[in-house]
Amino acid sequence: MHALTGFSLVSLLSFGYLSWDWAKPSLVADGPGEAGEQPSAAPPQPPHIIFILTDDQGYHDVGYHGSDIETPTLDRLAAEGVKLENYYIQPICTPSRSQLLTGRYQIHTGLQHSIIRPRQPNCLPLDQVTLPQKLQEAGYSTHMVGKWHLGFYRKECLPTRRGFDTFLGSLTGNVDYYTYDNCDGPGVCGFDLHEGESVAWGLSGQYSTMLYAQRVSHILASHNPRRPLFLYVAFQAVHTPLQSPREYLYRYRSMGNEARRKYAAMVTCMDEAVRNITWALKRYGFYNNSVIIFSSDNGGQTFSGGSNWPLRGRKGTYWEGGVRGLGFVHSPLLKRKRRTSRALVHITDWYPTLVGLAGGNASAADGLDGYDVWPTISEGRASPRTEILHNIDPLYNHARHGSLEGGFGIWNTAVQAAIRVGEWKLLTGDPGNGDWIPPQTLAAFPDSWWNLERMASVRQAVWLFNISADPYEREDLAGQRPDVVRTLLARLADYNRTAIPVRYPAENPRAHPDFNGGAWGPWASDEEEEEEEEKEGRSRSFSRGRRKKKCKICKLRSFFRKLNTRLMSHRI
């Protein structure tokens, strides 16, 4: 009798998970009092933590920022919680994710250049204690669903080896939303959907946004609410390729621009996925003792339907449009709700903040760059953060008109770098295209329009803005305030003295999916890792000399690597 009862319960839970109907909004709670919400009571500690990260969602692409895209769930959750309107992330995928999970700036993990490519023998440094590992120490069950993009060339780099009890998602930067294929160049294609450390061939064909939300619901249905839970939901949406279920496209049939129409449909689908996750939290008894954090990972890609209007720049740049993030916190545990916070917050702050909420210990001895901002968010106190190092990238193409002399002998202004100190923001080198691009609503966007507000001078390598007074970066004050420029250049120099060498190894042909059963996955052995570390320990000049003697096509390979870097700076 007991065995039969247990079987029935499991069957019901499994049936509920597999038969989730996304086309019926009636199944989803529309308000905080629906879907079996528990009566108010003193919540147990520590809280359940749900971190939702979206990919390439622009600053303008949410309803409460005046967008033409429908996001009713995000709007409601943000309105009932705390909107973070002075919140910063990184301009591309890997850097934001690495700083979220380590609480450290890129210069302190060696990931300050570009992203981790699928064929690179590179990953989040194994000596870093990650956020989920800290939460496991505090007694949490930890689960990740979605996009990893922190390297996978060795099994030790995988999510399940970096602190997550379970993982369902992709390891690379972008995949087809249905087939989960990813090509890293012509003919270099492979399948990329993984369950734990195995390839999930059988789940192909399901739209990733829906699949990931269903998995979250399944985790909640099978987990005991009395044990603290950390859910890291890193949606693939709304990164390219622009793909969406047809029913969401129909809502935007009157939108003239095709890329914007597909992008809008993907955002709305993701919004409904968040609604289903929220509903599941309430249904299975987690909501009253939960903290839901929503964040974008970088600015929107304006060439692919995204919009950061009225901010300057786009994904891949250090203008505000590339680094100002969408963010809010929704929780019954907030002491001051329904408000907007303009306190300075950075993505590195989530590490000490969440470890602190969990009752763990993230002391200054850990070498973190983040701050515990929970009192700032929950109670409205002043932020402990007063500055942000956006990045220092010594490998990015140096600006032609930058120099050490131009940096008062303090800093080589040819180097790409950006820093925020108080209300001041300084950029040096080449920060990326500095355009102000309105939402693309026209069917055909005239080429000449792209240049209407392209203000970055090719003969310039230093910019200074008062971000508090000029959040759209329209008035460069570098010439008027050389004293501030000197101060911020000195801060860059201070940070640079703490930087570790950049880790950006050459791609390895062994990573080709054809050598790994047709799927992307770990490929390097321990012996190969030791060889790679030896190579990195050699000087660049010595390495170049050895390659010239050994390989006749190295010059060609170097050319295409440099070409790829330049292209990716515009297309990542």
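Per an unreviewed UniProt entry, the protein chain carries the name Arylsulfatase family member I and comes from Ictidomys tridecemlineatus. The Cofactor (unreviewed entry) comment attached to the protein chain in UniProt states, word for word, "Ca(2+)". The UniProt entry for the protein chain carries this comment under Sequence similarities (unreviewed entry): "Belongs to the sulfatase family."

Novice: What should I look at first to understand the nonpolar core in this one?
Specialist: A general feature of soluble globular proteins is that nonpolar side chains tend to end up buried together. Judged by nonpolar contacts, the single largest core of 56 residues is most densely connected at Leu193, Leu220 and Phe235. Listed by contribution, the elements that provide at least two residues to this core are strand E1 (48–54), helix H2 (72–80), helix H5 (208–222), strand E10 (229–234), helix H7 (258–283) and strand E11 (290–296). Filtering out sequence-adjacent residues up to four positions away, Leu220 remains in contact with Leu229, Leu231, Ile277, Ala280, Leu281, Tyr284 and Phe286. Residues Leu124, Ala234, Ile347 and Leu368 belong to the second largest nonpolar core, which totals 44 residues.

Novice: I keep staring at empty space enclosed by the protein and nothing clicks. Help me out?
Specialist: Any empty space left between the atoms is revealed when a probe the size of a water molecule rolls over them. Taken as a whole and judged by the stated rule, the model has six cavities of 30 Å³ or more. Size it by volume and the second largest cavity reaches roughly 40 Å³. Per-class residue counts for the lining of the second largest cavity are two nonpolar, five polar and one charged.

Novice: Honestly, the sheet that holds strand E17 (residues 424–428) in this entry has me stumped. Any pointers?
Specialist: The strands making up a sheet associate through hydrogen bonds between their backbones, and the pairing can be parallel or antiparallel. The four strands are arranged E15-E16-E17-E18 in an open sheet whose pairing can be described as antiparallel. Strands with a single pairing partner mark the edges of an open sheet, and in this sheet they are strand E15 (387–393) and strand E18 (462–466). For this sheet, the mean inter-axis angle between neighbouring strands, taken without regard to orientation, is 10°. Both E17 and E18 contribute to a ladder of five bridges, which runs antiparallel. In the strand pairing of E18, Leu426 is matched with Leu464.

Novice: How do you make sense of the pairing of E18 when you look at a structure like this?
Specialist: The side chains of a regular strand alternate between both faces of the sheet. Of all five residues in E18, five are buried; the element is thus mostly enclosed. Alternating residues of E18 divide into Val462, Leu464 and Asn466 and Trp463 and Phe465, and every residue in both groups is buried.

Novice: Explain the state of the cysteines to me, please; I cannot follow it from the model alone.
Specialist: Disulfides are covalent bonds that link the sulfur atoms of two cysteine residues. The tally for this structure, following the rule as stated, stands at two disulfides. With a sulfur-sulfur separation of 1.8 Å, Cys183 is cross-linked through a disulfide to Cys189. Negative torsions about the S-S bond denote left-handed disulfides, and the value of about 105° found for Cys183 with Cys189 makes this one right-handed. We classify Cys183 as partly exposed; its relative accessible area is 46%. When the bonded cysteines of the protein chain are numbered from the N-terminus onward, they pair as 1-2, 3-4.

Novice: Please clarify how the packing of aromatic side chains should be interpreted in this entry.
Specialist: Ring pairs (aromatic) are described by centroid distance and by the angle formed between their planes. All chains considered together, the criterion is met by 14 aromatic pairs. Centre to centre, the rings of Tyr178 and Tyr207 are 5.2 Å apart; their planes meet at 50°, and the pair counts as tilted. Placement of Tyr178 in the loop between strand E5 (166–170) and strand E6 (181–183) and of Tyr207 in the loop between strand E9 (198–199) and H5 is noted, with a sequence separation of 29 residues between them. Look at Trp319 and Phe465: their rings are 6.0 Å apart centre to centre, the planes differ by 70°, and that puts the pair in the edge-to-face class. Residue Trp319 is found in the loop between E11 and helix H8 (320–323), and its partner Phe465 is found in strand E18; the two are separated by 146 residues along the sequence. Phe465 shares its class with Trp319; the two are buried. One aromatic cluster in this structure is built from Phe51, Tyr87, Phe164, Phe230, Tyr232 and Trp350. A cation sits over an aromatic face here: Arg474 above Trp436, 4.3 Å from the ring centre.

Novice: Sorry if this is basic, but what is going on with the side chain of Lys425 here?
Specialist: Relative to the assigned elements, Lys425 resides in strand E17. Of the polar contacts made by the side chain of Lys425, one reaches the backbone oxygen of Tyr318; its length is 2.7 Å.

Calculation rules
- Numbers given for residues are sequential positions, taken from 1 along each chain in its written order.
- The predicted nature of this model means local features are confined to residues of pLDDT at least 70 and side-chain atom pairs, given and counted, to a pLDDT of 80 or more, with totals for whole chains, interfaces and linings taken over all residues.
- The side-chain figures draw on all heavy atoms in the structure; neither hydrogens nor water molecules are used.
- UniProt positions are given in the numbering used here, feature names are shortened, and annotations may be inferred rather than shown by experiment.
- What we call a nonpolar core is a set of buried Ala, Val, Leu, Ile, Met, Phe, Trp, Tyr and Cys residues that are connected through their side-chain atoms within 4.5 Å.
- Exposure classes here rest on a 1.4 Å probe applied to the protein chains alone. A residue is buried below 20% of its type maximum, exposed above 50%, and partly exposed in between.
- Under the scheme used here, helices are H or I runs from DSSP no shorter than 4 residues and strands are E runs no shorter than 2 residues, and both carry numbers assigned from the N terminus.
- It only takes one pair of heavy atoms within 4.5 Å for two residues to be counted as in contact.
- Cavities and pockets are defined on a 1 Å grid built over the protein atoms alone: a cavity is a set of grid points where a 1.4 Å probe fits but cannot escape, while a pocket is an open set with protein on both sides within 12 Å along at least five of seven lines, and lining residues are those with an atom within 4 Å of any such point.
- Grid points are joined across faces, edges and corners, and a volume is the space filled by probe spheres set on the points.
- Throughout, the ten residues Ala, Val, Leu, Ile, Met, Phe, Trp, Tyr, Cys and Pro are labelled nonpolar, Asp, Glu, Lys and Arg are labelled charged, and all others, Gly among them, are labelled polar.
- For two strands to count as paired, DSSP must find a minimum of two bridges between them.
- An axis is simply a line fitted to the C-alpha atoms; with a helix, the fit covers only the stretch in contact. Between two such axes, the angle follows the N-to-C directions and lies from 0 to 180 degrees.
- Two cysteine sulfurs form what is called a disulfide whenever their separation falls within 2.5 Å.
- Stacked, edge-to-face and tilted are the three classes for Phe, Tyr and Trp ring pairs, Trp counted by its six-membered ring, which pair at centre distances within 6.5 Å; planes under 30 degrees apart are stacked, over 60 edge-to-face, the rest tilted.
- For a lysine, the NZ atom is tested; for an arginine, the CZ atom; a charge sits over a ring if that atom is within 6 Å of the ring centre and within 35 degrees of the ring normal.
- Here a polar contact means two N or O atoms within 3.5 Å. Within protein one must be a hydrogen donor candidate and the other an acceptor candidate, and residues neighboring in sequence count only if both atoms are side-chain atoms.

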